[in-house]
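Structural description and commentary
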Amino acid sequence: MSPSEFEQDPTRSDAAGRRPAAGDPLAPGATPDDAVLLTARGIRKSFGENEVLRSIDLEVRRGEVVVLIGPSGSGKTTVLRSLNGLETPDSGVLDFDGGPELDFAAGITKQGRVAMRDRSAMVFQQHNLFPHMTVLENVIEGPVRVQRVPRARAIADAEALLERVGLSDKRDAYPFALSGGQQQRVGIVRALALRPDLLLFDEPTSALDPELVGEVLKVIKELADEGWTMVVVTHELGFARQVADEVLFMDGGVVVERGAPKDIFTNPAEERTRRFLDRILRPLD
Amino acid sequence: MDSSGWQLFLDSFWPIVWGGLGGTIPLALASFAIGIVLALVVALMRISKNRVLSGVARFYVSVIRGTPLLVQLFVIFYGMPAVGIVLDPWPSAIIAFSLNVGGYAAEIIRAAILSVPKGQWEAGYTIGMSSGTTLRRIILPQAARVSVPPLSNTFISLVKDTSLASLILVTELFRVSEEIAAFSQEFMLIYLEAALIYWLFCLVLSSGQSALERRLDRYVAV
């Protein structure tokens, strides 16, 4: 994209690399569907001798939900963490629409990593809320400290977001006083408050008691329906099927198969995919 | 205790307390404040991936912990003049005690920083913070809570260790006691009185520690 086109692009980011907040606190900024937000090509990563990613390609369009499934150790979480700069791939290219474009083989600068982090926000398996801050303080920390949003505006925004996930009354509670499902919903709100272009979910319900999984999945589903772009790593296959636009099945550091959820779940082309689904859906057979 | 002994006890009580308030406590507070700052720097150096920095920090901690405090004090006060550095008793004492606290507290702070889960750093990064901001806003407040009990220990030890400063002519609680004891020849009485007054100071400091712990514990389930 040339600089002049960039100027006229109605979807362009503001100076901080994020889209301006819309009226609805949960709604992502207006964007044309199908515009590619993120392209990853040939992402490779080894931890010592252990090669965990062997050339991963990924494309995420705006408003799309991409779900990564696969056995433990298949590399799904490493892919997700690479998108947020929590892991640095050994080689490969990450190209965000509107920047940055990073070539890991050439090494990335601190600025590149910061620019990449500005585009996405992560929801962790273990929520990772800041235990010494109240719910509200957790949510406004990023907007106020990093994005320099005026405090009053950040608080109003955070309150609206908390209201949407049903946690208004927990505004001044400390994380230890919340249930696991509530903690994870705060984790989601903390990510949303940054107004990222891309939400990343790393097994957001794996650490929860079974009866608390639903309340978290419901929030994620609502966000998907409202047009947020997201990449989700999950073992909840029923949820994946409902929410995904595209499902990637990973095993052994490669994407074995990718496609629409109904194809992957009902008629997988690869034997490895079929075996994985059988193990999860019919563990006793 | 006969009545003249009791009278001596009363007469010497306030002079010894004043020795504490004017000598022991300011010496301990100043040394602790400087020592903690030093300890934080040394702890961060030890954690750093830079081998030179962590090596220097490791060496410093090893020397401080491996040599007697009294020897450190004497090297600074009696030894340094040999290389042309002459310091008064007070600056000598503050330097020696600060360096000593720096070595011990560095290990406490390092352990406290490492005790904060890695996910807290990542959560800081994902909301866009630099590692410096994450350290300051996210990690250190949590490390502070963990390190209050062991640092309080260090502080209380320091309060008592300042009695060594009497040997480099600093007028503090113990030196005042020594002078009274030498003058009155009532060694048992006066040194027990000094012990009692140290103990009273430490009781007050311990209750301060408890109050600080309660304040820092407000965000954890008990």
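Scoring rules and cut-offs
- Residues numbered from 1 in each chain as written.
- Chains lettered and ligands numbered in written order.
- Predicted model: local features only at pLDDT ≥ 70, side-chain atom pairs only at ≥ 80, totals over all residues.
- Heavy atoms only, no water.
- UniProt positions renumbered as here; feature names shortened; annotations may be inferred.
- Patch = residues over 30% accessible without salt bridge, like charges linked within 9 Å, V, L, I, M, F, W, Y side chains within 5 Å.
- Areas by Shrake-Rupley, 256 points an atom, 1.4 Å probe, with all protein chains shown as cover.
- Salt bridge = Lys/Arg side-chain N within 4 Å of Asp/Glu carboxyl O.
- Lys, Arg positive; Asp, Glu negative; His and termini not counted.
- Charge placed at Lys NZ, Arg CZ, Asp CG, Glu CD.
- Helix = DSSP H or I, 4+ residues; strand = E, 2+ residues; numbered from the N terminus.
- Pairing = 2+ DSSP bridges.
- Axes fitted to C-alpha atoms, helices over the stretch in contact; angles between N-to-C directions.
- Contact = heavy atoms within 4.5 Å.
- Buried area = accessible area lost by both parts, 1.4 Å probe.
- Polar contact = N/O pair within 3.5 Å; in protein donor to acceptor, adjacent residues only side chain to side chain.
- Nonpolar A, V, L, I, M, F, W, Y, C, P; charged D, E, K, R; others polar.

In the annotation of an unreviewed UniProt entry, the entry for chain B reads ABC transmembrane type-1 domain-containing protein, and the organism field reads Agromyces salentinus. What UniProt records for chain B under Sequence similarities (unreviewed entry) is the sentence "Belongs to the binding-protein-dependent transport system permease family."

The name given to chain A in an unreviewed UniProt entry is Cystine ABC transporter ATP-binding protein TcyC, with the source organism recorded as Agromyces salentinus.

Let us look at a positive patch on the surface. Positive charge collects at one region of the surface, where R145, R148 and R151 of chain A together with R136 of chain B lie side by side. Here R145 of chain A is to be found in helix α4 (residues 135-146).

Residue and element names in this part refer to chain A. On the basis of which strands lie adjacent, the open sheet formed by 6 strands has the order β6-β7-β8-β3-β9-β10 and mixed pairing. Sheet topology places β6 (120-123) and β10 (254-259) at the edges, where each strand pairs with a single neighbour. The sheet shows a mean angle of 20 degrees between the axes of neighbouring strands, direction not considered. As judged from the 4 bridges shared by strand β3 (residues 65-69) and strand β8 (residues 230-233), these two strands associate in the parallel manner. By the bridge assignment for β8, V65 is matched with M230.

In this assembly, 22 residues from chain A lie in contact with 19 residues from chain B. Roughly 1900 Å² is buried in total at the junction of chain A and chain B, and carbon and sulfur atoms are behind 61% of that figure. The largest share of the area that chain A buries against chain B comes from F130, H132 and F176 of chain A, three residues that together contribute 27% of it. The tally of links from chain A across to chain B stands at 2 salt bridges. Note that E141 of chain A is salt-bridged to R137 of chain B, the shortest N-O span being 2.7 Å. Inspection of the region where chain A meets chain B yields 7 residue pairs in polar contact (both at pLDDT 80 or more). Among the secondary structure elements, those contributing two or more residues to the side of chain A that touches chain B are β6 and α4 of chain A. For the side of chain A that touches chain B, the residue count by class is 12 nonpolar, 5 polar and 5 charged.

Take the pairing of β10 of chain A next. On any regular strand, side chains alternate: one points to one face of the sheet, the next to the other face. Residues and elements named next belong to chain A. Examined bridge by bridge, strand β9 (residues 246-251) and β10 share 5 bridges and lie antiparallel to one another. Across the sheet, residue D251 finds its bridge partner in β10, namely V254. Between β9 and β10, which pair antiparallel one after the other, the connecting turn spans 2 residues, and G252 there sits at a positive phi close to 60 degrees.

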